[in-house]
Amino acid sequence: MIDFRSDTVTKPSPEMLEAMMKAEVGDDVLGEDTTANLLQEKVAALLEKEAALFVPSGTMANAVAIRVWAEPGDEVIIHKLSHTYLYETASAAALCGVQFCLMDGAGGILDPKDVSDAVHDPEKDHFPRTRMIFIENTHNIAGGSVYPVEVVKELSEVAKEKGVVLHMDGARLFNACAALGVKPREYTRYVDSLSICFSKGLGAPVGSAIAGSRDFIKRAHRFRKMFGGGMRQIGYLAAAALYALDHNLQRLPEDHTNARLLAEAISELDCFDVDLDAVQTNMVFFDVVADDLDAASVIGMLLEEGVLVGSITRKRIRAVTHLDISRQDVLQAIEVFRKLFSKTAA
Ligand code: TLP
């Protein structure tokens, strides 16, 4: 099977497993897991933030960050296609009690002017208090699009001027950095807090981290416990994340080249439409334009030939490249696409 459903499907390599087996561990709720502590220091240094905290998932990272910054009844400005809005089981509402102010923006990118206009006047009691601007980089449902650094800078200026904070869901921040050829600092200097994921492009089996000021992390620590994310001998997981940072960061551009190769091949088939400009990192979104096909039928046909992709809507499909997909796999998948679809009428 060539599995393009997500970059979350990777399995730990024998070398990663060996690093996990050798990890020194302790009770992390007591702060005694030396490997987790090392990971947190390393992440803080890499992101050039004061402190970082390991959390079990990207979903928890986002919920904890929102809960730290906002109180029930507050408002969070967010893109209407963000992962946190669409796919996190309304944790912001259920666990944090906040309301989202949903905004548009081409490519998943918020417009700083629109955001500025959307921040409520805190003196007016009819309105919720706006506490947070929440961005996602890369933007998943917009196609893995890269946030322009300049826009993040402008959003940070809006945040400062209005007295709110800027948070980045950086589940795929390193893909954005690889695409632009910049260090994380180019982004992180503008945000008050952020998350990263080890279990996506980096290929670790579990885990995310949030980062920010020492005070932010101290407060996050409390909410991580409240949300059930205080774990014990997590050094085994932290060791996988450390291994991923040391070995799998540098190779992300390979995934981007593979995604482009796949996107270009799919774009040549009449029954699909691909916005090649939107293919900026490791994701390929394509629309089924043939009347006699839809996402489900295409997925079924590909599956029969050993190629797995995921549906986004009735007519939209996503394919994601990652560590466990080689150039050879992509070439093989392209052959399958051509065999199945090159003769289908558009
Ligand atoms: N994304 C997953 C699915 O949930 C859709 C995927 O396959 O892409 N932020 C972003 C931008 C994400 O894409 C995801 C996961 C998360 C947060 C949540 O991470 P986890 O799954 O660790 O809770």
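Here, the structure is the one placed above.
Read on for an overview of the structure. Everything numeric here is computed off the predicted structure, so don't read it as measured data.

### Considerations on the packing of helix H2 (residues 34–47) against helix H11 (residues 235–247)
In the contact formed by H2 and H11, the axes pass within 8 Å of each other and the chain directions differ by 35 degrees. Crossing of H2 over H11 shows left-handed handedness. Each of Thr 35, Ala 36, Leu 38, Leu 39, Lys 42, Val 43 and Leu 46 in H2 lies in contact with H11, whose residues at this interface are Gly 235, Ala 238, Ala 239, Ala 241, Leu 242, Leu 245 and Asp 246. Classifying every residue of the contact of H2 with H11 gives 10 nonpolar, 2 polar and 2 charged.

### Considerations on the environment of Val 29
Of note, Val 29 is situated in the loop between helix H1 (14–21) and H2. Put simply, Val 29 and Gly 230 are 201 residues apart on the chain and 5.8 Å apart in space, counted from C-alpha to C-alpha. Every residue in contact with Val 29, bar those within four places of it in the chain, is listed here: Lys 225, Gly 230, Met 231 and Arg 232.

### What about the pattern of salt bridges?
As enumerated under the stated definition, the model contains 23 salt bridges in all. With a closest N to O distance of 3.2 Å, Arg 232 and Asp 27 form a salt bridge. Remark: Asp 27 occurs in the loop between H1 and H2 and Arg 232 occurs in the loop between helix H10 (214–226) and H11; sequence separation between them is 205 residues. Taking the shortest distance from any N to any O, the salt bridge between Arg 314 and Asp 294 comes out at 3.9 Å. Of this pair, Arg 314 sits in the loop between strand E12 (310–311) and strand E13 (316–320) while Asp 294 sits in the loop between strand E10 (283–288) and helix H13 (295–304), placing them 20 residues apart in sequence. Since its relative accessible area comes to 59%, Arg 314 is described here as exposed. What you see here is one network of salt bridges that share partners, running through Asp 74, Arg 129 and Arg 131.

### Examining the sheet that holds E12
Note on sheets: strands pair through backbone hydrogen bonds, and any given pair is parallel or antiparallel. If you walk across this open sheet you meet the 4 strands as E9-E10-E13-E12, and the pairing is antiparallel. With one partner strand each, in any of the chains shown, strand E9 (272–274) and E12 form the two edges of the open sheet. Sheet topology places E12 next to E13; 2 bridges connect them, and they run antiparallel. When the sheet's bridge partners are listed, Gly 310 is paired in E13 with Arg 318. Of the strands in this sheet, E9, E10, E12 and E13 are in contact with H13, which crosses E13 at around 40 degrees.

About the criteria used
- Sequence order as written defines the numbering, with residues in each chain counted from 1.
- Selection of residues for local features in this predicted model requires a pLDDT of at least 70, selection of side-chain atom pairs for listing and counting requires 80 or more, and totals for whole chains, interfaces and linings are taken over all residues.
- The side-chain figures draw on all heavy atoms in the structure; neither hydrogens nor water molecules are used.
- For helices, the fitted line uses only the C-alpha atoms of the stretch in contact; every axis is such a line through C-alpha atoms, and the angle between N-to-C directions lies from 0 to 180 degrees.
- To qualify as a helix, a DSSP run of H or I must reach at least 4 residues; to qualify as a strand, a run of E must reach at least 2; elements of each kind are numbered from the N terminus.
- Should the near helix be turned anticlockwise from the far one by less than a right angle, the crossing is left-handed, and should it be turned clockwise, the crossing is right-handed.
- Contacts are residue-level and defined by heavy atoms, with any inter-residue pair within 4.5 Å sufficient.
- When residues are sorted by character, Ala, Val, Leu, Ile, Met, Phe, Trp, Tyr, Cys and Pro go into the nonpolar class, Asp, Glu, Lys and Arg into the charged class, and all the rest, Gly among them, into the polar class.
- Criterion for a salt bridge: a side-chain nitrogen of Lys or Arg within 4 Å of a carboxyl oxygen of Asp or Glu.
- In this scheme, a residue with accessible area under 20% of its type's maximum is buried, one over 50% is exposed, and one in between is partly exposed, where area comes from a 1.4 Å probe on protein chains only.
- Note on pairing: DSSP must find at least two bridges between two strands before they are called paired.

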